[in-house]
Amino acid sequence: MPGNSQRRGAIRKSSKGATVGSGGQRRRGLEGKGPTPKAADREYHPAHKRAKVVAKRSGASGPGGRGQARSKSRSKASSEMVYGRNSVVEALRADVPVATMYVATRIDTDDRVREALKLATERGLAILETPRGELDRLTDGGVHQGLALQVPPYDYAHPNDLIDPEMPGIPLVVALDGITDPRNLGAIVRSVAAFGGHGVVVPERRSVGMTASAWKTSAGAAARIPVARASNLTRTLEEFKKAGFFILGLDMDGDVELPDLALATEPLVIVTGSEGKGLSRLVRETCDQIVSIPMSSAVESLNAGLATGVTLYEIARQRRR
């Protein structure tokens, strides 16, 4: 049909020679772009940055917020917050390692606040003025009284670091089996330093770690005595045995009483069990001897810190003879 053919030709060309249907081409060029994204979804928009901050604080970095929640949990496990005016001052007096001190905005000052600021300034610590709402978040709603310290994670040694043939004197190490009170750990670290010991070993699980409370109780000894962390205490004790150490467990029902101990002048690992359960079965079986401390009454007992201190004193006394 010649007429139709001529008509189609006329439609294809305009007076300027442009291809007819360019409007359709422009529409196709816009296909797939969809509606304009929301402000919060645009990477460089202020609303997007605000949304990221809110998500971070609420622990939601992905579906269900699980990724950020795990990260927050790891952060809590690796550092510690000490808060409250008395606790902060005591920690600063004891030279507990501190990363940052937080002070509430417009805090009501008293002698404790002034002393905390003075001690932190003398030590050159970072001091941040912080809104009370942020302090509430950092301390998980604890009674912080406007003061808080962030204590960095303790730098644990490896148990093999305590097996050193070049150690001064006869090697003496204390291992803790199920001790959960940080004050006992601090007292034991202090006794190890006082009686010529070389280090302390704690298990990774079901055991206390070097918290700020343990550091304070050690009265500064934690800065001189290494604390090692063992993934498996029984295997660690076996390694000490292979290196020539004798393993002595402390228990009320011992094979030998402390004054009769014949191994005091040998390389030793003293194992202290928990107050409630004593030595665990596998650890007890690993010991070369079980040692008891003679006492005047069968109903009396010493806590883990005191029992270890008495044992270390007796060993030091026998080594000096």
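Look up a bit, the structure's there.
As the structure is a prediction and not an experimental result, all values here were calculated from the model.

Asks: Any chance you could explain the overall build of the protein chain here in plain terms?
Replies: Secondary structure summary: the protein chain contains 12 helices and 11 strands in total. Restricting to contacts in the protein chain with at least 6 residues of sequence separation, those with at least 24 account for 78%. When the accessible area of the protein chain is evaluated, it comes to approximately 19000 Å², of which 50% is carbon and sulfur surface.

Asks: I keep staring at the pattern of salt bridges and nothing clicks. Help me out?
Replies: One side chain can pair with another of opposite charge once the charged atoms of both are near each other. Under the definition given, this model contains 13 salt bridges. Linking Glu-285 and Arg-281 is a salt bridge whose minimum nitrogen-to-oxygen distance equals 3.3 Å. With Glu-285 and Arg-281 both in helix α11 (residues 281-286), this residue pair falls four residues apart, about one helical turn. Accessibility expressed as a relative area gives 56% for Arg-281, which makes it exposed. Residue Glu-314 is joined to Arg-317 by a salt bridge in which the shortest nitrogen-to-oxygen separation is 2.7 Å. Of the two residues, Glu-314 and Arg-317 are both situated in helix α12 (residues 304-320); the distance of three residues between them amounts to about one turn of the helix. We classify Arg-317 as partly exposed; its relative accessible area is 31%. Each of Arg-85, Asp-110 and Arg-112 takes part in one network of salt bridges that share partners.

Asks: Help me understand helix α6 (residues 111-122), please; the structure alone is not making it clear to me.
Replies: In an α-helix, one turn spans 3.6 residues, which is why side chains three or four residues apart end up on the same side. Over its 12 residues, α6 extends 16 Å from the first C-alpha to the last, a length consistent with the 16 Å expected when each residue adds 1.5 Å. Along α6, the residues classified as buried are Val-113, Ala-116, Leu-119 and Ala-120. Looking straight down α6, one finds its buried side chains confined to an arc of 135°; they lie on one side. For α6, the exposed residues set more than 90 degrees away from the buried face come down to Asp-111, Lys-118, Thr-121 and Glu-122.

Asks: Explain the sheet that holds strand β8 (residues 246-250) here, please?
Replies: Two orientations exist for strands paired in a sheet by backbone hydrogen bonds: parallel and antiparallel. Strand order across the open sheet formed by seven strands is β7-β6-β5-β10-β8-β11-β9, with parallel pairing between neighbours. This sheet does not close on itself; its edge strands, each paired only once, are β7 (227-230) and β9 (256-257). Across three bridges, β8 lies against strand β11 (residues 289-292) in parallel orientation. When the bridges of β11 are listed, Leu-250 appears paired with Val-291.

Asks: Just checking my understanding: could you explain the nonpolar core for this structure?
Replies: Generally speaking, soluble globular proteins have nonpolar side chains that are buried together. Leu-92, Leu-185 and Val-200 are the most contacted members of the largest nonpolar core, which totals 56 residues. Other than its neighbours up to four places away in sequence, Val-200 contacts Leu-162, Val-174, Leu-176, Leu-185, Ile-188, Val-189, Val-192, Ile-225, Pro-226, Val-227 and Ala-228.

Asks: In this structure, what is going on with the environment of Ala-219? I would like to understand it.
Replies: Mapped onto the secondary structure, Ala-219 falls in the loop between α9 (212-217) and β7. Spatially, the C-alpha atoms of Ala-219 and Arg-93 are 9.7 Å apart, while their sequence positions differ by 126 residues.

Each value, and the rule that gives it
- Residues numbered from 1 in each chain as written.
- Predicted model: local features only at pLDDT ≥ 70, side-chain atom pairs only at ≥ 80, totals over all residues.
- Heavy atoms only, no water.
- Helix = DSSP H or I, 4+ residues; strand = E, 2+ residues; numbered from the N terminus.
- Contact = heavy atoms within 4.5 Å.
- Areas by Shrake-Rupley, 256 points an atom, 1.4 Å probe, with all protein chains shown as cover.
- Salt bridge = Lys/Arg side-chain N within 4 Å of Asp/Glu carboxyl O.
- Buried < 20%, exposed > 50% of the residue type's maximum accessible area, 1.4 Å probe, protein only.
- Expected span 1.5 Å × (residues − 1).
- Arc of directions from axis to C-beta.
- Pairing = 2+ DSSP bridges.
- Core = buried A, V, L, I, M, F, W, Y, C linked by side-chain atoms within 4.5 Å.

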